[in-house]
Amino acid sequence: MRPSTPPLPKAGIPSLPALRHALVQRLTTEQAPLLRSLLDGLGSPLHLMLPQVFEANARAFQQTLREAGVDGQLLFAKKANKARCLVERCPGLGLGVDAASVPELVAALAAGVPGAHIGISGPAKHPALLALSLHHDCLVAMDSPEELLDYAALAQSLQRRARVLLRWRPPSQPRSRFGMDDTELAQALALCVEHRAQLQLQGFSFHLSGYDAVERARCAQRLVERCTEARGLGLPCDTLDIGGGFAVRYVEEAAWQDFIARQSPQDYHAGKTFEGFYPYASASPGPQMLERILSHAEGGRTLARRLREEGLRLLLEPGRALLDQAGFTLFRVQGVKDRPAEGYGLVTVEGMSFSLSEQWFNSEFLPDPLLLGGSASGPYPAAVAGASCLDSDMLSWRKLPLPSRPKPGDALVYLNTAGYQMDSNESPFHELPLPRKVSLEVDANSGLRWRLDEVPPVTPPLPLSL
Ligand SMILES: *Cc1c(COP(=O)(O)O)cnc(C)c1O
């Protein structure tokens, strides 16, 4: 379902209304009292997770693969959100997990994801992570010939055979510290031949920064050639992993163009400037971007056709795109300070900007938050700060077009925060506890059910049929 957005205000300070999924719309309007009572009961900030939206996003990707006739599998890039309710859904959806640490791997296994559906990435992996991967048949992306050689030795000592991908560093990524260039890749391939008793080369991978579909398709075509070459050497290579980086649309295109054209440093507290922003209005988000990658043709043959003809399996590792609209974050307003001489206010919330990670990457999470509550004062421009003693702890440097002056106890809702915003930077700074997550579901009678999302589980997992 296409998310809806409120109409644009006509004048005044720049605004950027966030798209809202129908369920998010319902929760933030008719269910606002429920949200406020959860926030009061469980503490601020509070992350609301919507695993049913995650599920729908995964199915949309799978549908795109089916329509293109491509044998493919999704691995959820777990680092994008730690919530248990997400990884728990993966086995039922046929989703694997992309993990880069022992706790991420253990969480995936504990949720019932088969080891063979778990991909391990990251540079120079911890020996404990490699040993667990060997015991559970995980697919490990090797980042250098040295790492590959060490892994072969570990496999020999544990009497296991290692399933590996070779991670390529495309020429367009000269500054990346990940992956192997063409020379290193050739060395790694030779090692796979030499140590074939310990190493089972399954294929190749890459992970690009940026959101260019054509560049991904080109890289994938190069790796199809690499697979053919490896098969010529007698290696069982049948897998191509194009990584993640599928874009998300947070706001309408027109709203984004208008915002970018209008905003200037004076719209931000302290005249703050930024080097750049996430492209909040992607023209081909998620599955549409996958469709563009698969239908990109070279020499008259689309990538989808080449994969079919060569009998290759495609792996994708979306993080952010699987989390589109799958959660949002509530912050309770703690205090409001007017700065009449400067024409705006400072809202301080209970919580810190560590719960909105974009703020710690030299950038700003731009979609407008919603205000639940407010006085009868009329429009009120305000920046939003965290309750720490850091001047840099700002949730919104931008002077937001709030509909009215907030009151202590009101709630600000930052929308669409499940992808990376919630928990990648959270810390117990000031000895505060880490914020909680609640998983919310619509049940068969259209009622709502919630539970705390905690590890270890506070409620038993779904019943097993024995
Ligand atoms: C972070 C990461 C991803 C996920 O990227 P998104 O932009 O969230 O889709 C996938 N693969 C690897 C190897 C990563 O490091």
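Residues numbered from 1 in each chain as written. Predicted model: local features only at pLDDT ≥ 70, side-chain atom pairs only at ≥ 80, totals over all residues. Heavy atoms only, no water.

**Considerations on the domain arrangement of the protein**
Under the domain assignment used here, the protein contains domain 1 (22–50 + 325–452) and domain 2 (51–247 + 282–323). If you average the C-alpha positions of domain 1 and of domain 2, the two centres end up 35 Å apart. On the side of domain 2, 17 residues touch domain 1, which itself brings 20 residues to the contact. Summing the contributions of domain 1 and of domain 2, the shared interface buries around 1500 Å²; its carbon and sulfur component is 48%. Taken together, the connections running from domain 1 to domain 2 amount to three salt bridges. (Domains from an automatic or database assignment. Contact = heavy atoms within 4.5 Å. Buried area = accessible area lost by both parts, 1.4 Å probe. Salt bridge = Lys/Arg side-chain N within 4 Å of Asp/Glu carboxyl O.)

**Description of the site of the ligand**
Among the 14 residues in the neighbourhood of the ligand, the closest are listed as Lys79, Gly245, Glu317, Arg320 and Tyr420. Interatomic distance of 2.9 Å between a backbone N/O atom of Arg320 and an oxygen atom of the ligand. Contact with the protein chains removes 88% of the 390 Å² of surface that the ligand exposes when unbound. Residues that form the shell around the ligand fall into these classes: four nonpolar, five polar and five charged. (Near = heavy atom within 4 Å. Polar contact = N/O pair within 3.5 Å; in protein donor to acceptor, adjacent residues only side chain to side chain. Areas by Shrake-Rupley, 256 points an atom, 1.4 Å probe, with all protein chains shown as cover. Nonpolar A, V, L, I, M, F, W, Y, C, P; charged D, E, K, R; others polar.)

**Here we look at the sheet that holds strand 11 (residues 313–316)**
Strand order in this closed barrel of eight strands is 2-3-4-5-6-7-8-11, and the pairing throughout is parallel. Each strand axis lies, on average, 30 degrees off the axis of its neighbour in the sheet, ignoring direction. By the bridge criterion, three bridges tie strand 8 (residues 239–241) to strand 11 in an arrangement that is parallel. Of the residues in strand 11, the one forming a bridge with Thr239 is Arg313. Running at roughly 140 degrees to strand 5 (residues 139–142), helix 6 (residues 127–136) makes contact with strand 4 (118–120), strand 5 and strand 6 (162–167) of the sheet. (Pairing = 2+ DSSP bridges. Helix = DSSP H or I, 4+ residues; strand = E, 2+ residues; numbered from the N terminus. Axes fitted to C-alpha atoms, helices over the stretch in contact; angles between N-to-C directions.)

**Some remarks on helix 7 (residues 145–158)**
When the terminal C-alpha atoms of helix 7 are compared, their 20 Å separation across 14 residues agrees well with the 20 Å that a helix rising 1.5 Å per residue should span. Taken as a whole, helix 7 has its buried residues at Pro145, Glu147, Leu148, Tyr151, Ala152 and Ala155. One side of helix 7 carries all its buried residues, which in axial view fall inside an arc of 150 degrees. Exposed side chains of helix 7 directed beyond 90 degrees from the buried face belong to Glu146, Asp150 and Ser157. Contacts from the buried residues of helix 7 go to helix 6, strand 5, strand 6, helix 8 (182–194) and strand 7 (199–205). Residue Gln159 follows helix 7 closely and has a positive phi angle near 55 degrees. (Expected span 1.5 Å × (residues − 1). Buried < 20%, exposed > 50% of the residue type's maximum accessible area, 1.4 Å probe, protein only. Arc of directions from axis to C-beta.)

**Focus: the nonpolar core**
The biggest cluster of nonpolar side chains holds 137 residues, and the ones touching the most others in it are Phe54, Leu166, Leu201, Phe204, Leu294 and Phe328. Top element by residues in this core is helix 9 (residues 213–232). It accounts for eight residues. In terms of domain composition, this core takes at least three residues from each of domain 1 (22–50 + 325–452) and domain 2 (51–247 + 282–323). Every residue in contact with Leu166, bar those within four places of it in the chain, is listed here: Met142, Leu148, Met180, Leu185, Ala188, Leu189, Cys192, Leu201, Gly203, Phe204 and Ser205. (Core = buried A, V, L, I, M, F, W, Y, C linked by side-chain atoms within 4.5 Å.)

**Structural notes on the environment of Gly41**
For Gly41, the location among the structural elements is in helix 2 (residues 32–42). By relative accessible area, Gly41 is classed as exposed at 59%. Separated by 33 residues in sequence, Gly41 and Leu74 place their C-alpha atoms 36 Å apart.

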